Each structure stands twice: as structure tokens, then as C-alpha cells.
Number of protein chains: 4
Amino acid sequence: MSFASLEPGAGIQGAGRPRSEEVHQAILDATLALLIEVGFSALTVEGVANRAGVGKATIYRRWSSKLPLVIEAFGQLPGFEPVDSGDLETDLKQMLHRYVDAFNSTPLGTVLPSLVGERTHNPELASLFEPVMRERRQPLFDALQRAVERGEIARDLDLERAADLIVGPIAVALFFRGGKINPKRIDPVVELALHGLRPRK
Amino acid sequence: MSFASLEPGAGIQGAGRPRSEEVHQAILDATLALLIEVGFSALTVEGVANRAGVGKATIYRRWSSKLPLVIEAFGQLPGFEPVDSGDLETDLKQMLHRYVDAFNSTPLGTVLPSLVGERTHNPELASLFEPVMRERRQPLFDALQRAVERGEIARDLDLERAADLIVGPIAVALFFRGGKINPKRIDPVVELALHGLRPRK
Amino acid sequence: MSFASLEPGAGIQGAGRPRSEEVHQAILDATLALLIEVGFSALTVEGVANRAGVGKATIYRRWSSKLPLVIEAFGQLPGFEPVDSGDLETDLKQMLHRYVDAFNSTPLGTVLPSLVGERTHNPELASLFEPVMRERRQPLFDALQRAVERGEIARDLDLERAADLIVGPIAVALFFRGGKINPKRIDPVVELALHGLRPRK
Amino acid sequence: MSFASLEPGAGIQGAGRPRSEEVHQAILDATLALLIEVGFSALTVEGVANRAGVGKATIYRRWSSKLPLVIEAFGQLPGFEPVDSGDLETDLKQMLHRYVDAFNSTPLGTVLPSLVGERTHNPELASLFEPVMRERRQPLFDALQRAVERGEIARDLDLERAADLIVGPIAVALFFRGGKINPKRIDPVVELALHGLRPRK
DNA sequence: TCGTAAGCGAGACGGTACGTCGAGTCTTGCT
DNA sequence: AGCAAGACTCGACGTACCGTCTCGCTTACGA
């Protein structure tokens, strides 16, 4: 896995002492802990090294800078978890509830905007980040795909756009407002997305 | 204007040399230029001072740190511009088109995610940022309010939620994908938001 | 003086805050103190900065590396002090006694070999070091010159060689033996240099 | 030989693979080569290991640190070679000529000051270094001893002091001046040491 | 009109973190 | 055991900015 590591050929055991897996995990744990405590921009590699009881060189041997490090630490946090109840509205509501719970109980809501903010000016980060984000959204696409097959939503719908419509309000709340998301607002958001703003005849 | 300045009472001219307005603007210009070139996290006050041909103290005399400085520079960029055609769908499409044009032709799309990313861990930034963001969204609310009055959309609708639904896809595209937004995708997004995902009977 | 400083034009007061003379001296003092305590090779710029209560940048602003810094600190230690009694043997014995006292009571005997050892591989150091050493030996030459004029020693003598003969044993003791020099050995050394090894008829 | 090695009892062959003699020599060769190229203070054990194609542990298994390693490498360089012509002046001139040739054609002149400079602050180095230096000077003492027995020089002369007088000018040239020694200056130096500075009657 | 208080560019100041390098130790698999 | 390779902790390197602080000017006001 370790998508952000600098290992030339993962799994191939070359000469010399192999990299310690405990150390790897200790660094990621320390990174997450510090992200929660001080946030991304106040996070220092030196601080991570101290917290993990590790030399700075050991961190730089694995990650070229604090960004890929934080991304890999971030990758340990939960994304969308698949739900398949046979009904789109139920699927969406349950998935969003779980996701929002994760946002409110982990540093996810804190870390994600930081990474997103850097992405614009850091092509390296962007290319590391993209597959992670895609993987996280996949269960949402799957649920929409199943709904198309069941005839619940229009056949010719662009699923990308549809997914944007559903997670959009969460993104807005996350990025433009407090960060914390009120779970009570999820159901109306899903209903709105499914039914549209116009009054039903 | 200069909401973030340290001036005790603007307009009250005490003894001594008054602050130069050219210098003030030169600093903001340099800040915007550097935000475009290197992004928020690589922006240094030292760099701004050099670019503006100004001493560092002159900057700190006006802004307590680089954050309020950047926010004020950001405040010079355009937000939503009011459109009132008498029809919600037209209003929304025109406003979004103009806004997206601004995103694609100014550093807005570059600067906004950077600021948003810092906001989470910086309460000072958050409180400075919030009124700026609110002001920017206001024309969108106004358009929705007029639509409610015209009976175009449901009376009992939470307008905050409705606005989120409309700008949500833009936010997703901005933060989770490339940054650049394809203007062709605006109309479908508005239509989707107004009609919902479900197939019309 | 400050022969090793990086100042472009000494004495010319350019723009900006001038460099603090107290800081300059505090750094030199700390350097000398640490040279005595830990020696040259264990001396770190970081340690000097801490001891002097100064930032590292303040040191590097004045000296390009620890070598010129140490040389300037070393320059504050005493060299030969002129003695003119009218008799060469008396002059030499008194000057050497004072010099050896300085060696045994200051870090001179500790610092000098360190600098000399680096000199070989560091042309920059060599060129900084040479005038300092020349200045230190000058009183010795002067005494020999006066002795030539008084007819005490041969007219055609190469004074460089003569000076080498006199300080040579000190150098040997310093570099090849313990570093500390026994003052009792000075008088015989001077007599030997003046009279030679061969038995007088 | 290898006076500085950590071997408990040389020649006693314990269990396991014996230490490779080629490796030992390759390390010493690499050390000398690097001493010449970059000097003592820029010499790194890592560099020696790379140059010798050897693991760092292999070096530390034999030498406790880079100091004894460098001293043993230094020990491979030539010292005074005995000359016995029956005449002191001839002996001294020939021995000094050969020694100075060695200085000018081997890294001796480069390495010796480096080691001497470290010696002051490194007691371990000092105790390793002392017997090596003593051994090198021995032929000089022997020549002086023979001259005493032949009545060429005074019976009550302190030979240590006499030796210092002879090699002193070389030490001065080596440590205080360029490092390179002009062979033409040797004969006058010897004559000066033997006859003294005072004009002969 | 002239002093004086503040603004100004410049850049030194004490700090903190950067990313690199080497020291000396430890851990692999191979010989 | 020895050995090459290379990861490990630790600590210093020299650099870059931070936000603060003098400097010697300049600029407009108010006495």
C-alpha cells in the first residue's frame, strides 16, 4: 500500500537492514496525534520526530516532506463506507451519517482542508492526493450506480455531477463554515438533492 | 475599508507623518502577486516587503501577521455579482457563470483554498474570514429570496441549505478536483439542483 | 581591525540597524571560553550562539564559518611583547618567558595547534592566519635586528632562520610534546641557540 | 604492527571467520588517500568505508574511532632514517634531507599538523600518538649520542634540548609557514644549530 | 517656521525549523 | 564469527523567516 513512500520497489528485500515497520507506524501515529493537537500548518517534522522518538533523517528517508507524510497519515482515517440497503435515499443517508460522524470524531475535518489548500500550489501533493480522494468517493458512486440500475434515478445522469450535488453541501459546510457539521442537516440535504428545489406539483 | 488594520480609529489624524496610502496599496498588490506565484503557504512577509519595496515593520504596523494581510488582499478579488432577471434559473446560471469566470481568470481559485485550509487551525483567521465569505454569498441569497417571493421555489425551504446545494458542486470541483472549473458544467448543475436527481414523472 | 569580518566597508555606516559591538564581543568571549573548555574540534557554532545568548545567524552574518571566528578570538590573545634591554640574551629570555607564561595561562597553547592543523587543508584559513602570525613574531625580529646593529650577532645572518632557531624548541614542545612548556627550560634554550651545540674553545 | 587495533591478542585464532588482512590494508590505503585529498577534519569514516568498499561496522570493529584509524594510517609514512657517517654534521644534514624529502613527497606534511592539532583536545589521541612520535625521533637521538661519545659536542648537553634545536626550524616552517620546506635551507639550519648565532672569534 | 512625533527603507537581532550529513550502533542475509 | 549494506538515534550544520528592534532619513502637523 504505502502509496506515498519513497521505497523504490516495495516488497523486494534488498541488501542492508530493512526499514522498521514499527518505526513507520510510530511516525504515522505521532503525525496524526500532532495534527489533532496543533493542526497542519503548525505541524513540524521536528515535532513528529520527537514525539515518535525517531531521528529526523528516518522520516525524510521515507517521505520527501511533511506533505506526503501527512497524506499517508490522513489515509489511515476512514472514508465512505459502503451501504447497500436496496434504496438510494437510505444508502445515502446512512453513508453520509457515518462519514459525518467520522469527520466530527477524527482529525479528518481538520486535516482535509489543510491538504486541499496546499494541493493547488503543490503538483506533487496533487498527484499523491488524487487517488486517495477517488478511492474515498467510490462507495458513493457504487450506490448511485445501483440506483441507476434499479431505475431510481435518471439513466442519462452524469454520476460525477450527481455525486457532487450530494457531497457538495458537506464540502461547503466543511470549507466555508465552521468545519463541524451538524448531523441533523444530513437528511434534508439528501432529500433536497433527490427532489430538487422546485416545489413538487 | 481595511477591516483588519490596526489603526485605532480610522480617520482620526494624530500627530506625526500620516501613513502612506500608496504604500498600503503596494503591499496589497505585492501580496496578491505573490499569492498567485507561490501560493499561500510559500508566501513570506519578507518576500512581500521586498516585492513592494517596503520595510517589514511597515507591514507589521498595519497587519498583525500575514493572515489578515492575505485576507485583505483576497478581499480585493471579486465575489458574486447580483443579477436580477426575474427568473431564478437565469439568475443562478448568470451569477455562477460570472463567478466561475472570475475563478478562472484571477487568483481566486488559487487563494481561496489556501485560506480555507488555514482557517481550521487559526481562529483569528476564521473570525476575519467569516464576514468576507458571508458578504460574497449575499447576492446568491438575495436571488433565492426573490424566487421564494415569486413562488418559484418552496416557501418552507431553508435558504442556507438551498444555497449550499447550488454552490456545492463548484466547491467540490474547486477543492477536490483540479481547481479549474469548466463553464459548460454550470448549466447542468443548476438544472440538477432545481429539478433533483429523481426522474420527473 | 576585525580582519576576518565580512563587513564590506568597515566604518561606512550604511542603511539599516548597525551591528552591535556588544554582541560582537560577546561572541568572541563565548568562543574563547568554549575553546578553553572543549577545545577547537568540539567547538560548535551552535554552542557559541547559546553561550553568547545570540542567534546562529548573527554569528554567520559576521564570520563565514567557525574558522575565521576562532582566528579572530585567537587574535585577542597576547603574542610576543617587545623588550629592549640593550642585550640580546636578556631580551630573548624575557620575551620568551612572558610568551610561555601566556601559553600556560591562556588557551593559546590549546588553540594555536588546532588552527595550525586546519591551516594545511584550508587556504582561506591560511591567508587569514598568516598576517596574525607575522605580527606576533615581529617583536622577536626587532630584537634580533637591534642585536645585529649592536654587532652582537653576525651581520650576514638570515634573521628568519635565526628566529626559527630560537622559537623552534618552543614549537617542538608545543606540537610534539605535552603542550605545556616548562619555564625553566627557556634559559638553556636561548643560550644553546646563541652559542650552538659545539663546545666553545 | 597495528598498535591501535582492538584485537585482544593478535594471532590467536578464535572461532568463526577470521578477519581479512586485505580488508585491513584496503581501509588503511583508503584512509591515507582521503587524508591527502581532503585532510583530516574533512575525513569521514563513511567516506573511508565507501572508498575501501567496506561496511562501516568493519572499520569500527578494528578501530574504536577515526582517530586511531588515522594514526595507524599515518604510521605507514616514513620517519627519520638512521645515517651513521662518523660525523655529526653529515649525519644531521643527510637525515634532515631525507626527512624533508619525505615531507614534500608524501602526505606527511599534510597529515602531521592535522593530528597534532587534534592531540591537544584528545587525550586518547595523545597517548596513541606519543610512542609513534618518539619512535620517529629515535635515529636523531642516536646520532647525537654517537657525537657525544666521539666528543663532537659537549658531554653535559641535554640531548632532548639539542634535538629540539635541530628539528625546531623544520617544525616552525611546517606549522607556521607554508607547509612545504625548501631543502636548500636545511644545511644552513644545521650549521646554525651547531655553531650558534654569535659570531665565531 | 520650525520642532517634533510618527512613518519609512534597511537590515540586525534572538529564535525556531528546515532538510542534510556524519558519527557510532544495530540488524539483515550471505560467506 | 566476519562481512557489505544500509537503517537507526542523535546532534550539528548553514539557511530562511519569524516578529521585534534600532538606525538615519522624510513628512506633515500644530505650537
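Below, the structure is looked at part by part. The residue numbering used here restarts from 1 in each chain and proceeds along that chain's sequence as written. Think of it this way: whatever chain is written first is A, whatever ligand is written first is 1, and the rest follow in order. The predicted nature of this model means local features are confined to residues of pLDDT at least 70 and side-chain atom pairs, given and counted, to a pLDDT of 80 or more, with totals for whole chains, interfaces and linings taken over all residues. Neither water nor hydrogens contribute to the side-chain values; these are computed over all heavy atoms in the structure.

**Thoughts on the protein's contact with DNA strand F**
Moving on, step 1. Around DNA strand F there are 41 residues in total, and Arg62 of chain A, Tyr60 of chain B, Tyr60 of chain C together with Arg17 and Ser20 of chain D lie nearest to it.
Moving on, step 2. When the atoms of DNA strand F within 4 Å of the protein are grouped by moiety, sugar and phosphate amount to 67% of the total.
Moving on, step 3. Here arginine 61 of chain A contributes a side-chain N or O atom positioned 2.6 Å from a phosphate oxygen of DNA strand F.
Moving on, step 4. A distance of 3.0 Å is found between a phosphate oxygen of DNA strand F and a backbone nitrogen or oxygen belonging to valine 45 of chain B.
Moving on, step 5. The set of elements that each furnish at least two residues to the surface near DNA strand F consists of helix 3 (56-62) of chain A, helix 2 (45-52) and helix 3 (56-62) of chain B, helix 2 (45-52) and helix 3 (56-62) of chain C together with helix 3 (56-62) of chain D.
Moving on, step 6. Lys, Arg, Asp and Glu make up the charged group, whereas Ala, Val, Leu, Ile, Met, Phe, Trp, Tyr, Cys and Pro make up the nonpolar group; the residues left over, Gly among them, are polar. For the surface near DNA strand F, the class distribution of residues is 14 nonpolar, 13 polar and 14 charged. The nearness test applies per residue and asks whether one of its heavy atoms lies within 4 Å of the molecule or strand. Residues adjacent in sequence count toward polar contacts only when both atoms are side-chain atoms; beyond that, a polar contact is any pair of N or O atoms within 3.5 Å, and within protein one must be able to donate a hydrogen and the other to accept it. Numbering of helices and strands starts at the N terminus; helices are DSSP runs of H or I of at least 4 residues and strands are runs of E of at least 2.

**Quick word on the relation of the copies chain C and chain D**
Moving on, step 1. With an axial shift of 0.1 Å and an RMSD of 0.4 Å, the rotation relating chain C to chain D amounts to 180°. A rotation of that kind, with that shift, is consistent with a two-fold axis.
Moving on, step 2. Contacts were defined at the residue level, with two residues in contact if any of their heavy atoms lie within 4.5 Å. When the interface residues of chain C are mapped onto chain D, 100% of them again lie at the interface, so the same face is used by both copies. When the copies are overlaid, the least-squares fit takes in C-alpha atoms only where the residue has pLDDT of at least 70 in both copies.

**Section: the relation of the copies chain A and chain B**
Moving on, step 1. It takes a turn of 179° to lay chain A on chain B, together with a shift of 0.0 Å along the axis; the resulting RMSD is 0.4 Å.
Moving on, step 2. Of all interface residues in chain A, 100% are interface residues in chain B too; the two copies therefore contact each other through one and the same surface.

**Regarding the interface of chain C and chain D**
Moving on, step 1. The interface is formed by 52 residues belonging to chain C together with 53 residues belonging to chain D.
Moving on, step 2. Taken together, both faces of the contact between chain C and chain D bury some 4,700 Å²; the carbon and sulfur share is 60%.
Moving on, step 3. Among the residues of chain C in contact with chain D, Phe176, Leu197 and Arg198 of chain C are the three that bury the most area, contributing 18% of the side total.
Moving on, step 4. Ionic pairing is found between glutamate 160 of chain C and arginine 177 of chain D, a salt bridge with its closest N-O pair at 3.1 Å.
Moving on, step 5. The tally of links from chain C across to chain D stands at six residue pairs in polar contact (both at pLDDT 80 or more).
Moving on, step 6. Put simply, the parts of the chain that give the side of chain C that touches chain D at least two residues each are helix 1 (21-38), helix 6 (108-119), helix 7 (123-150), helix 8 (159-176) and helix 9 (186-195) of chain C.
Moving on, step 7. Of the residues forming the side of chain C that touches chain D, the biggest block, 14 residues, is contributed by helix 8 of chain C. A quick way to say it: buried area is the sum, across both parts, of accessible area lost when two parts are put together, with a 1.4 Å probe. Any carboxyl oxygen of Asp or Glu within 4 Å of a side-chain nitrogen of Lys or Arg constitutes a salt bridge here.

**Concerning the nonpolar core**
Moving on, step 1. Buried residues of nine kinds, namely Ala, Val, Leu, Ile, Met, Phe, Trp, Tyr and Cys, make up a nonpolar core once their side-chain atoms join them within 4.5 Å. To sort residues, take the accessible area from a 1.4 Å probe on protein chains only and compare it with the maximum for the residue type: under 20% means buried, over 50% means exposed, and anything in between is partly exposed. Ranked by size, the top nonpolar core spans 142 residues in total, and within it Phe74 of chain A together with Phe74 of chain B carry the most contacts.
Moving on, step 2. Leave out the neighbours within four places in its chain, and phenylalanine 74 of chain B touches Leu108, Val111, Leu112, Leu115, Phe129, Val132, Met133 and Arg136 of chain B.
Moving on, step 3. Leu35, Val100 and Phe129 of chain C together with Leu115 of chain D belong to the second largest nonpolar core, which has 140 residues in total.

**Thoughts on the protein's contact with DNA strand E**
Moving on, step 1. Around DNA strand E, a shell composed of 42 residues is seen, among which Val45 and Tyr60 of chain A, Arg62 of chain B, Arg62 of chain C together with Tyr60 of chain D lie nearest.
Moving on, step 2. Between DNA strand E and glycine 53 of chain B there is a distance of 3.2 Å, counted from a phosphate oxygen to a backbone nitrogen or oxygen.
Moving on, step 3. Where the surface near DNA strand E is concerned, the elements lending two or more residues are helix 2 (45-52) and helix 3 of chain A, helix 3 of chain B, helix 3 of chain C together with helix 2 (45-52) and helix 3 of chain D.
Moving on, step 4. Looking at which element gives the most residues to the surface near DNA strand E, the answer is helix 3 of chain C, with four residues.
Moving on, step 5. Here the residues of the surface near DNA strand E are counted per class, giving 14 nonpolar, 14 polar and 14 charged.

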